[in-house]
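The primary structure of each chain is shown beneath.
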Amino acid sequence: PTTPTEYFTPTSSAVDAYVHYLNSDTAFQTGFKPIDLCFPSGLDRGDMFLLTGRSHQGKSTVAYNMMVHNLKRSADFTCVFYSPDEPRELVVQKLACIAMGRNAADMEEALREGSTAAERELRNVAGGLLDRVLINDQSLTFASMLRGIHEAEQYWGRPPSACVLDFLELMVGDADANGVAGKAQSAKRFAKDADVPLIVLHQTGRGAGDRGGPAGIHGGRFGGEAESVAVLECYRPKDAANISDREKATLENVIQLNLCKNKRPPYRCRDAEMIMEPDRGLICDTTGADCEAGEWGRWSRP
């Protein structure tokens, strides 16, 4: 028999790829310990990871924290970021503040006042850490995005480590249920063709569960849950309708990360409580050292 080349390769090559994935330092991780413990080797190339939630629940901030975590974790990590939802300038500002641990309002005020120290700090992080992120804020087709992946490979001299799309509904095409379902299927094919872990943000509708609570796997229905190896849902308990004003204030900076689907070993799912620091955009575990270093009592639950 002839050696398969068009549709198949020897199964031994899959073993090689699996061993490489398990030992890769650049595999994409979320940076949130309770979630990463559920798939400790991270996302593999060709994996699609769905990040869901209602509007204004912190999906983009979660994605920014993920990117910064991986950039700091490995000097070889690179990321292509397609952001039809926000302009490049705003993306850079948010990534820089998370990376430097800076208050966004203070940094903007210093730049407006002509602070050379603030500008130098921003340019240093942009020319260093953030030079390993390439950002496009147009609404592109998946074919154009694939050409962008090849362009990024030429820029860095190696394939990108990951790709983030914020968000699915703003891709070219219809935004109804059928249109979004088609986009999700195209996104999965794109991840395979681009050979990158793809993190896709998807905004769920009003009917996806009660506000302030988890919608679960069905929250992403018709929007990529079937195509993804993992689905992470963001929701804010403060938005629940049946809690008091005092409870809302207590929960002001709490964000829940609900891993409601996970096909990567060891297959665990969980709902983790995290704290989103409002001034810098940092998200960390409620027991993490970062929270203790960030004046925990000032911005977390009492």
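It should be noted that the structure appears before, not after, this text.
Everything numeric in this text was worked out from a predicted model, so none of it was measured.

What is the right way to look at the overall build of the protein in this model?
Across its full length, the protein carries 11 helices and nine strands. For the protein, the residues scored as buried account for 49% of the 302 residues in total. When contacts within the protein are restricted to residue pairs at least 6 apart in sequence, long-range pairs at least 24 apart make up 68% of them. Put simply, the protein shows about 15,100 Å² of open surface, and 50% of that area lies on carbon and sulfur atoms.

Is there a simple way to think about the packing of aromatic side chains in this case?
We describe a pair of aromatic rings using the distance from one ring centre to the other and the angle between the two ring planes. A complete count under the given rule lists five aromatic pairs for this structure. Note on tyrosine 155 and tryptophan 156: the rings are 6.1 Å apart at their centroids and 70° apart in plane angle, and the pair reads as edge-to-face. Take tryptophan 156: its relative accessible area is 13%, and that puts it in the buried class.

Would you mind showing me how to read the packing of helix H4 (residues 88-100) against helix H5 (residues 104-112) here?
Packed helices, taken two at a time, are described by the angle their axes make and the gap between the axes. Where H4 meets H5, the closest approach of the two axes is 10 Å, and the angle between their N-to-C directions is 115°. In this view, H4 runs roughly perpendicular relative to H5, as classed from their interaxial angle. Between H4 and H5 lies a crossing of right-handed hand. Residue-level inspection shows Gln93, Cys97 and Met100 of H4 in contact with H5, the latter providing Ala104, Met107 and Glu108.

Whenever I open this one, the packing of helix H3 (residues 59-73) against H4 confuses me. Can you help?
Interaxial distance between H3 and H4 falls to 10 Å at its minimum, and their mutual angle equals 55°. With respect to H4, the element H3 is oriented oblique. When you trace H3 past H4, the crossing you get is right-handed. The residues of H4 that touch H3, namely those facing Tyr64, Asn65, Met67, Val68 and Lys72, are Val91, Lys94, Leu95, Ile98 and Ala99. For the contact of H3 with H4, the residue count by class is seven nonpolar, one polar and two charged.

Would you explain the nonpolar core in this entry?
Formed by 48 residues in total, the largest nonpolar core has its most connected members in Val62 and Leu257. Looking at this core element by element, the count peaks at seven residues for H3. Beyond its immediate sequence surroundings of up to four residues, valine 62 is in contact with Phe32, Leu51, Cys234, Ile255, Leu257 and Ile283. Counting 25 residues, the second largest nonpolar core, distinct from the first, contains Leu50, Val80, Leu165 and Cys260.

Help me out: how do you make sense of the sheet that holds strand S6 (residues 230-235) in this one?
Sheet strands associate in pairs through backbone hydrogen bonding, adopting either a parallel or an antiparallel arrangement. Pairing within the open sheet is mixed, and its nine strands lie in the order S3-S2-S4-S5-S1-S6-S7-S8-S9. Strands at the two margins of the open sheet, each flanked by one partner only, are strand S3 (133-136) and strand S9 (283-285). For this sheet the average axis-to-axis angle between neighbouring strands, irrespective of direction, equals 25°. In the sheet, strand S2 (residues 79-82) pairs with S3 via four bridges, with the strands oriented parallel. Bridging across to S3, phenylalanine 81 finds its partner in isoleucine 135. Contacting S2, S3 and strand S4 (162-165), helix H7 (residues 142-156) runs over the sheet at an angle of about 145° to S2.

Would you explain H3 in this entry?
Residues spaced three or four apart along an α-helix point in a common direction, a consequence of the helix completing one turn every 3.6 residues. A rise of 1.5 Å per residue sets the reference length of H3, with its 15 residues, at 21 Å; its end C-alpha atoms lie 21 Å apart and thus fit the reference within 8%. When you tally the buried positions in H3, you get 11 out of 15 residues, the bulk of the element.

I keep staring at H7 and nothing clicks. Help me out?
Here H7 is 15 residues long and its end C-alpha atoms lie 21 Å apart, about the 21 Å a rise of 1.5 Å per residue gives. Positive backbone phi, approximately 80°, marks glycine 157, located one or two places after H7.

I tried to follow the pattern of salt bridges on my own but got confused; where do I start?
Any two side chains of opposite charge can pair, given that their charged atoms come close. With the rule as written, the count across this model stands at nine salt bridges. Residue lysine 94 is joined to glutamate 86 by a salt bridge in which the shortest nitrogen-to-oxygen separation is 2.8 Å. You can call lysine 94 partly exposed: its relative accessible area is 26%. By relative accessible area, which is 13% here, glutamate 86 ends up buried. In this structure, the salt-bridge partner of glutamate 119 is arginine 123, at a minimum N-O distance of 2.9 Å. With a gap of four residues between them, glutamate 119 and arginine 123 both fall in helix H6 (residues 116-127), about one helical turn apart. According to the relative accessible area criterion, glutamate 119 is partly exposed, its value standing at 35%. Arginine 123 gets classed as exposed once you look at its relative accessible area, which sits at 58%. Residues participating in the shared-partner salt-bridge network are Asp44, Asp47 and Arg264.

Would you explain unusual backbone geometry in this entry?
Peptide bonds are trans in most cases, and residues, glycine excluded, mostly fall at negative phi. Look at the link from aspartate 166 to phenylalanine 167: it is a cis peptide, with omega at 5°. With a phi close to 60°, histidine 56 is a non-glycine residue in the positive phi region. With respect to the element layout, histidine 56 can be found in the loop between strand S1 (48-53) and H3. Although it is not a glycine, aspartate 195 sits at a positive phi angle of roughly 60°.

Cut-offs applied
- Residues numbered from 1 in each chain as written.
- Predicted model: local features only at pLDDT ≥ 70, side-chain atom pairs only at ≥ 80, totals over all residues.
- Heavy atoms only, no water.
- Helix = DSSP H or I, 4+ residues; strand = E, 2+ residues; numbered from the N terminus.
- Buried < 20%, exposed > 50% of the residue type's maximum accessible area, 1.4 Å probe, protein only.
- Contact = heavy atoms within 4.5 Å.
- Areas by Shrake-Rupley, 256 points an atom, 1.4 Å probe, with all protein chains shown as cover.
- Phe/Tyr/Trp six-rings, centres within 6.5 Å; stacked < 30°, edge-to-face > 60°.
- Axes fitted to C-alpha atoms, helices over the stretch in contact; angles between N-to-C directions.
- Parallel < 35°, antiparallel > 145°, perpendicular 65-115°, else oblique.
- Left-handed = near helix turned anticlockwise from the far one by under 90°.
- Nonpolar A, V, L, I, M, F, W, Y, C, P; charged D, E, K, R; others polar.
- Core = buried A, V, L, I, M, F, W, Y, C linked by side-chain atoms within 4.5 Å.
- Pairing = 2+ DSSP bridges.
- Expected span 1.5 Å × (residues − 1).
- Salt bridge = Lys/Arg side-chain N within 4 Å of Asp/Glu carboxyl O.

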